[in-house]
Each structure stands twice: as C-alpha cells, then as structure tokens.
Amino acid sequence: MMKYISTRGNAPELTFEDVLLTGLATDGGLYVPKDVPQFSPEEIESWRDLPYTELAHKVIYQFVEGCVDSAALQNMLNDVYSGFGHKAVAPLQQIDHNEYVLELFHGPTLAFKDFALQLLGRLLDYVLERRHEKVVIMGATSGDTGSAAIEGTKACRNVDIFILHPHGKVSEVQRRQMTTVKGDNIFNIAIEGNFDQAQDMVKASFGNQQFLRGERKLVAVNSINWARIMAQIVYYFYSALNLGGPLRPMAYSVPTGNFGDIFAGYMAKKMGLPIEQLIIATNSNDVLHRLMSRNQYEVHPLQHTITPSMDIAVSSNFERLLFDLYDRDGAKLADLMARMNAKKDVVSLDEDKLAKAREQFDSYAVSEEMTVATMQEVFAETGYLLDPHTAIGVKAARECRRNARIPMITLGTAHPVKFEEAVLRAGFDMPKLPHHLADLMEREERVNVLPADLDTVQRFIAANTFKD
Ligand SMILES: *Cc1c(COP(=O)(O)O)cnc(C)c1O
C-alpha cells in the first residue's frame, strides 16, 4: 500500500485515505508519495488505445491501492468522465505545426479543476461511507476552485461544503456557477471583504477547528490535497500517447498559479513518461519566474489581472518540488520554508539546487498586453479563441521552446466564456455558454452575505452543519 510522507519530515506517514481527509501535515508540510510508481516505456506503450477512463485507472490505482477497491475506482472514473461534454474527455486542438492545446475545459464548470474535483467528491463519499463519518469542506475562492468543488461534491451524502468568495469581486459567470447549484449541503458565503480576508478565515479555521465541536473535521479542496494532483497526472499520459509518446518525447507549457497542474506533469515524468521540457508560464504574479531566472525568492503583493485564476502571491505546491530538489531532506526543507515564509529577506536556493530545477523547468512571465496579443494572434492564425490563461501558456511555449521537432502541448486550462474582461479587451464577442449552462443567467441564486468576521462565519457554518 502506498504511503505518504510530509515534505517537512516531522509528521506521521499516512495512507491515501488519511491524506485525502487531511489538509496540511501536522508539521506544516505537504504530503507526497513515499515511493513514486514507475512504468516502463513498453508498459506505457501498451496503453495507447485505452479510452481516458481506463488509462486513468492505470495511473491512479497505483496511488490508492489498498484504500479504494479497483472496480469501485473504475466505476467512479466512468461516472466522472462520462459527464464531460466531449467524448474524448481531454481532446487536443492543433494550433500550428507540432503545436497543440490540450483542452481541459469540457467538465461541468469549464476549467481543468473539474478533472480532479469531480473525482475528489466521489472518493470522499466512498471512504466516508465506509468510516461512517461526515466532514466539512471549507474553502476560499477567487474563481474557478469554488465552482469546481461545489459541482464535485453536490451529490455527496457525507460532505457539507462552505465556499467563501469576496462579495462583488468575482465575475458574474463564476459567481453564478457557484450560487445556482442546488443541494442542501452547499453553502455560498459572500464575504464583505477581499479574497485575502476570506482566505485568512479559512486558514484560521483549519488551525483551530473547535467550532465544529470535535464532531466533524475540515477537509481541504485546494491543490495542497494530494488527490487533486494525482488526478491531473492522467492527462499528461493521455495527450502524449495520442501524439506518439512514449516513443517520442513531448514538451508541455502550463499556465501556473499554485504549481499544482505543472507538478502533476513533473510527476508524470518521474513515473516514466518522456517529457523533454516543462514550462512554468505565469502572469505578472511571477514569484516563480523570478526565482527560476534570478534565484531570488521574494513575495510581492498580489496583483489583480485578467487571468484571475493565476493570481497568487505564493505558490504553495512549489514546496513539493523543493522537497525533491533538496533530496527529500525534511529538516533542510523545514528550515528553507521557514525562511521563505518569513517574507522578510530575499531567499536564494543553493546553486546546485537551482541548477537541478533549471534542468527540469523553464519559465516565462506574461504581461496582460502579451496575453491579449496572443489571443488575437492565435485567432488570426487559426480562428481559435484561447482563454486568457491558456494564452499565457501559448506565449510562454513560443518564447521558451527548445526543439521545434518535439510536439509542444499547452494545457488549455479554461474555456474563454468564463473570462469576459479578457475576451472583450482582445476585441472579440463573447462566445456562447455551452448547452448545459445556457440558462445560467436565469437560474435562481443562493448566497449568504456575511461580514468579514471569523466568529460570525464559524457560527454560520456550525449552525448549518448540525441542523439535523
Ligand atoms: C487554477 C487555474 C490555473 C492554475 O493552476 P495551478 O494548479 O494553481 O497552477 C490556471 N488556469 C486556470 C483557468 C485555473 O482555473
């Protein structure tokens, strides 16, 4: 059975099931698999003709074996991905010679987060049913995570979900994708404050869960939850196999915020998929690009951009990569993270560690002007409208590409219809909402507006968690 260890080396080893039900490790670290499953090229090659759901089983079962029954996992995967709006689940769109966009936005909320959060909801209910337990999901969102988490858990019998968003500060489509989902276990809280205040309340609640009276635990749905990364590894294998991998290598460009999606690509590579290049594409919140290019880690204030789903000041999953760069030495990493989180001085990595990171990753930061220009450029070349996050990936791919003979795949992280500001700024008409969301603007909304006050929010959660 796979065991999971903390990046800071001072927390108990856990099974998949326990990792699924926890947020951070008790030492403040993130959980990673103790041993990474390895596949030979022959074995990967033998999966070439598998449909997405069966390939997903090959990859994911390694991580959950002993906690989730094999047939049950297959049923969950079939259930999740048959709900996607494209038969191929993750189709490739060609935008130039040897250049592709991997469309990851055919799930219910039109962003890649559905790949993981749809599965996460099923996995949670499966293990909670067996344990006769119920949990509370609490999360803060500035956009895509909230709606994907709500859609993923709306059918869960053992999960109540409370998603906080800053009142009046998310786009109408994004808000409605959260507030119009029906279910007794779903609660949208609009905080009279900004995203950071909402996030701080979530962090404080995870730190002290007494308001749940010891009867429930909080579960994290952001990408510190290993199960999310795990589900995202699959589409690297799927896209590579579709373009002739593993017999030839691939290159990927990944629009990055919290470093979750690109870490999944790094995992696929560790598991045996030949990946020649991984590009970290950021917007002007470029903490990772500054580290990679200048070896200076310095947290800058958050900037609000037309790519809100990549607006982060710190990139939490980067710790998982640092753990490997520092040879999985938890004590060293705990020390490094303490310095990085102090946000006082500029922190540098040891030169040899930075060199290792640069062997694995390239990076590029894309301004709003470049983002809009790339949307226009690709549309002019192909008639294909990119969402602004994906445009950042395409721009970085074109700037950083090392070998034009290797297929370059940019992860298409969202559908453009979610990001009106960018689409209009690039001079396009808004595309139509897909069929299953066609009446989104007419649906009834359910939302509770609360002040940015921790006690009020926690009392609201307690009152609605123990109502029966
Ligand atoms: C969440 C998100 C990202 C960033 O993904 P990370 O895993 O946090 O790096 C990029 N694009 C879109 C559309 C997203 O929703």
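Our subject is the structure that appears above.
Residues numbered from 1 in each chain as written. Predicted model: local features only at pLDDT ≥ 70, side-chain atom pairs only at ≥ 80, totals over all residues. Heavy atoms only, no water.

**Quick word on the site of the ligand**
Moving on, step 1. Near the ligand, the surroundings consist of 15 residues, among which K113, D144, G257, N258 and D261 are the closest.
Moving on, step 2. Within the side chain of D144, an N or O atom sits 2.5 Å from an oxygen atom of the ligand.
Moving on, step 3. About the coverage of the ligand: the protein hides 96% of its 390 Å² of free accessible area.
Moving on, step 4. The class makeup of the residues in the shell around the ligand is 5 nonpolar, 7 polar and 3 charged. (Near = heavy atom within 4 Å. Polar contact = N/O pair within 3.5 Å; in protein donor to acceptor, adjacent residues only side chain to side chain. Areas by Shrake-Rupley, 256 points an atom, 1.4 Å probe, with all protein chains shown as cover. Nonpolar A, V, L, I, M, F, W, Y, C, P; charged D, E, K, R; others polar.)

**Looking at the state of the cysteines**
Moving on, step 1. For the coordinates displayed, the defined rule picks out 0 disulfides.
Moving on, step 2. Free of any disulfide, C156 has its nearest neighbouring cysteine sulfur in C67, separated by 18 Å.
Moving on, step 3. Look at C156 and you get buried, because its relative accessible area is 8%. (Disulfide = S-S within 2.5 Å. Buried < 20%, exposed > 50% of the residue type's maximum accessible area, 1.4 Å probe, protein only.)

**Thoughts on the pairing of strand β3 (residues 92-96)**
Moving on, step 1. Of the strand pairs in this sheet, β3 and strand β4 (residues 99-103) are connected by 4 bridges, and their pairing is antiparallel. Each bridged residue has a counterpart across the sheet, and for D96 the counterpart in β4 is E99.
Moving on, step 2. Taking the residues between adjacent antiparallel strands as the criterion, β3 and β4 are bridged by 2 residues, where N98 takes a positive phi near 60°. (Pairing = 2+ DSSP bridges. Helix = DSSP H or I, 4+ residues; strand = E, 2+ residues; numbered from the N terminus.)

**Digging into the sheet that holds strand β10 (residues 275-282)**
Moving on, step 1. Spatial ordering of the open sheet is given by β3-β4-β12-β9-β10-β11, a layout of 6 strands whose pairing is mixed. Strands at the two margins of the open sheet, each flanked by one partner only, are β3 and β11 (361-365). For this sheet the average axis-to-axis angle between neighbouring strands, irrespective of direction, equals 25°.
Moving on, step 2. Strand direction decides the pairing type here: β10 and β11, joined by 5 bridges, are parallel. (Axes fitted to C-alpha atoms, helices over the stretch in contact; angles between N-to-C directions.)

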